[in-house]
Amino acid sequence: MNEREKELSDLLIREHSLSVEEYEELLSNRDAETAEYLAAAAVAERKKYYGTKVFVRGLIEISNICKNDCLYCGIRRSNRNCERYRLSDEDILACADEGWRLGMRTVVLQGGEDPHYTDDVVCGIVRGIKEKHPECAVTLSLGERSRESYVKFREAGADRYLLRHETANAEHYRKLHPAEMSYDNRMRCLRDLRDLGYQTGCGFMVGSPYQTMRNLAEDLRFIETFRPEMCGIGPFVPHHETPFAGEPAGSVELTCFLLSVIRLICPRVLLPATTALGTMHPQGRELGILAGANVVMPNLSPVDVRKQYELYDNKICTGEESAQCIQCLASRIASIGYEIVTDRGDFATDV
Ligand code: 5AD
Ligand code: FES
């Protein structure tokens, strides 16, 4: 770690903020020693609010049918070789019950932008979960919708919403998405969600095609100003049936470095060690937690559809990352000095 890296690190630790230029410099000149220095500071910061707790979210992948065509995504509509499925309301409620039984106090309903899930359908599912398990937090991750839809979901009882911004640079956004999708609408959605009182999550892929260090610096600046309650980041992993099939995957090392930086920007942010990180490295999620993450999202989807929710190649979907093996997950987390908790794990306020 040279003197300048130390100076930038200390500035970030002290101010929770850097300029775009400074973030770019910090990322571009990083080395193992800087990573270690920032990880230690990130872990200390997290400890103030959450101790060594790791929160669990049960992920239910409700449908892989999608009207969008994001260039990176394996379930994009142009992928004719994707075997499509959609869970019924009953299937989803059964998954949520299973999550409750396993000790999960948050379920995340995630899916492609599937027109079957109208506002009424989504609201019915949210109400169904809330009636049966009033203590369970319901997080939605169903993509871009109108403000009116978000209002209705909130009235039905949804607590949180995840919508990765994907990139904070409009030009980069255009290179990752088809012409009919827009950076402005993405940002409009995030602002609406925030306004409507959702605990809101943004996020991005690390190493997505055309991404520069400058772009990542812009993502960090965006996070600094938007101040999300949650932030999902994971390495880009190519999918063989997409235009980005031949692109290199994002790095585990850079992802972990960014997890530490994000923890230092937003000390109380709920930060998952993502499935993509677990896919790229056998101890990916442990490395993420040691860098500053404090959330894991085991898969609660019915076992027979898990393979079909294939956003990228080789997605881990059996064994220890799944909800049914929460014990294995718990012992892995315990082995690095952390503990899985049965707790809603809301964003820490007034500490
Ligand atoms: N590699 C890694 N992450 C991906 N996502 C979609 N496709 C890929 C991929 N090929 C991420 C996007 C999306 C989230 C649900 O999954 O960031 O927002
Ligand atoms: Fe479905 Fe991107 S391909 S939202």
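Scroll up a little and you will see the structure.
Keep in mind that this is a model prediction, so the values were computed, not measured.

Around ligand 1, the neighbouring residues are Tyr-72, Cys-73, Arg-164, Glu-166, Met-205, Pro-235, Phe-236, Val-237, Leu-311 and Tyr-312. The separation between an oxygen atom of ligand 1 and a polar side-chain atom of Arg-164 is 2.9 Å. Here a nitrogen atom of ligand 1 and a backbone polar atom of Val-237 are 2.7 Å apart. If ligand 1 stood free it would expose 400 Å²; the protein chains cover 88% of that surface. Among the detected pockets, ligand 1 sits in the largest cavity.

Moving on, we come to the pattern of salt bridges. Scanning all chains against the criterion turns up 30 salt bridges. For Arg-214, the salt bridge goes to Glu-21, with nearest N and O atoms at 3.4 Å. Taken together, the residues span a long stretch of sequence, with Arg-214 in helix α9 (residues 213-226) and Glu-21 in helix α2 (residues 20-28) at a distance of 193 residues. For Arg-214, a relative accessible area of 31% gives the class partly exposed. Glu-98 is the partner of Arg-101 in a salt bridge, and the nearest nitrogen-oxygen pair spans 3.2 Å. Taken together, the residues Arg-101 and Glu-98, both in helix α4 (residues 89-101) and three residues apart, mark about one turn of the helix. Among the charged side chains, a salt-bridge network with shared partners connects Lys-130, Asp-159, Arg-160, Arg-344 and Asp-346.

The rules behind each value
Residues numbered from 1 in each chain as written. Chains lettered and ligands numbered in written order. Predicted model: local features only at pLDDT ≥ 70, side-chain atom pairs only at ≥ 80, totals over all residues. Heavy atoms only, no water. Near = heavy atom within 4 Å. Polar contact = N/O pair within 3.5 Å; in protein donor to acceptor, adjacent residues only side chain to side chain. Areas by Shrake-Rupley, 256 points an atom, 1.4 Å probe, with all protein chains shown as cover. 1 Å grid on protein atoms, 1.4 Å probe; cavity = no way out; pocket = protein on both sides within 12 Å on 5 of 7 lines; lining within 4 Å. Sits in = over half its atoms within 2 Å of the grid points. Salt bridge = Lys/Arg side-chain N within 4 Å of Asp/Glu carboxyl O. Helix = DSSP H or I, 4+ residues; strand = E, 2+ residues; numbered from the N terminus. Buried < 20%, exposed > 50% of the residue type's maximum accessible area, 1.4 Å probe, protein only.

Limitation: the analysis is restricted to geometry and does not speak to function.
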